[in-house]
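Architecture at a glance
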Amino acid sequence: DTAVSQTPKYLVTQMGNDKSIKCEQNLGHDTMYWYKQDSKKFLKIMFSYNNKELIINETVPNRFSPKSPDKAHLNLHINSLELGDSAVYFCASSPTGGYTGNTIYFGEGSWLTVV
Amino acid sequence: GESVGLHLPTLSVQEGDNSIINCAYSNSASDYFIWYKQESGKGPQFIIDIRSNMDKRQGQRVTVLLNKTVKHLSLQIAATQPGDSAVYFCAENNRYKLSFGAGTTVTVRA
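Now for a quick tour of the structure.

Conventions we followed
- Residues numbered from 1 in each chain as written.
- Chains lettered and ligands numbered in written order.
- Predicted model: local features only at pLDDT ≥ 70, side-chain atom pairs only at ≥ 80, totals over all residues.
- Heavy atoms only, no water.
- Helix = DSSP H or I, 4+ residues; strand = E, 2+ residues; numbered from the N terminus.
- Rg over C-alpha atoms; globule rule 2.2 N^0.38 Å.
- Contact = heavy atoms within 4.5 Å.
- Lys, Arg positive; Asp, Glu negative; His and termini not counted.
- Charge placed at Lys NZ, Arg CZ, Asp CG, Glu CD.
- Buried < 20%, exposed > 50% of the residue type's maximum accessible area, 1.4 Å probe, protein only.
- Pairing = 2+ DSSP bridges.
- Buried area = accessible area lost by both parts, 1.4 Å probe.
- Salt bridge = Lys/Arg side-chain N within 4 Å of Asp/Glu carboxyl O.
- Nonpolar A, V, L, I, M, F, W, Y, C, P; charged D, E, K, R; others polar.

On to the overall build of chain B. Secondary structure assignment for chain B yields 0 helices and 11 strands. Listing each helix as α and each strand as β along chain B from the N terminus yields β-β-β-β-β-β-β-β-β-β-β. Against the globule reference of 13 Å for 110 residues, chain B gives a C-alpha radius of gyration of 13 Å, in line with a compact fold. A principal-axis box enclosing the C-alpha atoms of chain B has dimensions of 40 × 25 × 20 Å. Pairs at least 24 apart in sequence give 52% of the contacts found in chain B among residues at least 6 apart. Counting 11 positive and 9 negative side-chain charges, chain B places the centres of these two groups 3 Å from one another.

And the structure:
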């Protein structure tokens, strides 16, 4: 069973479109995250939710909107896609978000290409 | 601010040799660190972690060393194998978020 699963794995879309990436974790974790990895492999956090509540919102354009219908799901919706949005987006989860020793588990990634 | 970085972007290692991957961090208040391995086309996978009240921690073929005086972290891989070829990240866990360094690409030569 996949612990953190995200769909789609690959997505090619045109500029200006709106797209969503879905994420689900079956680990019973309270906290979920979205990370973005650029072409140089640099990983940067975008959002974090703890029990459906937004707790981290890094400097991300408001075209990106996360939604957590329940603590096992965290979806990422992107409006008006731009070329610079092309990247790999990783969903992740951890037991909680607030103490040392809290290992974060990552999904396999969603490769987004904007053309 | 906080930043986590790695000294070298690439490392080429002969199969069977030991590998050492280095990382420097800037936030002296950081109290927990993790090493991740990312294989091509996959997400980062947890390798080993260490709390700031420790200097050394060992796993299976891996050892993490923490030097808080100079804010330096290293990952040692014993008897490197072809399956160890990947990008390795150190990360600093600070409450609700994990801050990553830029990554070191390890290539194992046969």
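What follows deals with the pairing of strand 11 (residues 110-114) of chain A. All names here are of chain A. Residues Ser110, Leu112 and Val114 point to one face of strand 11 and are all buried, whereas Trp111 and Thr113, pointing to the other face, are not buried. Taken together, the 4 bridges between strand 2 (residues 10-13) and strand 11 define a ladder with parallel strand orientation. Paired with threonine 13 across the bridge in strand 11 is valine 114. Pairing of strand 9 (residues 87-94) with strand 11 involves 3 bridges; the strand directions are antiparallel. Along strand 11, the bridge assignment pairs valine 88 with tryptophan 111.

Turning our attention to the interface of chain B and chain A. Every contact between the two is made by 21 residues of chain B and, on the other side, 26 residues of chain A. Summed over both sides, the interface between chain B and chain A buries roughly 1,900 Å², with carbon and sulfur atoms accounting for 57% of that surface. Here chain B and chain A share 0 salt bridges between them. For the side of chain B that touches chain A, the elements supplying multiple residues, two or more each, are strand 4 (32-38), strand 5 (45-51), strand 9 (86-94) and strand 10 (97-100) of chain B. Considering each element in turn, the side of chain B that touches chain A owes the most residues, 4 residues, to strand 4 of chain B. For the side of chain B that touches chain A, the class distribution of residues is 10 nonpolar, 5 polar and 6 charged.

In short, the description is geometric, and any link to function would need to be established separately.
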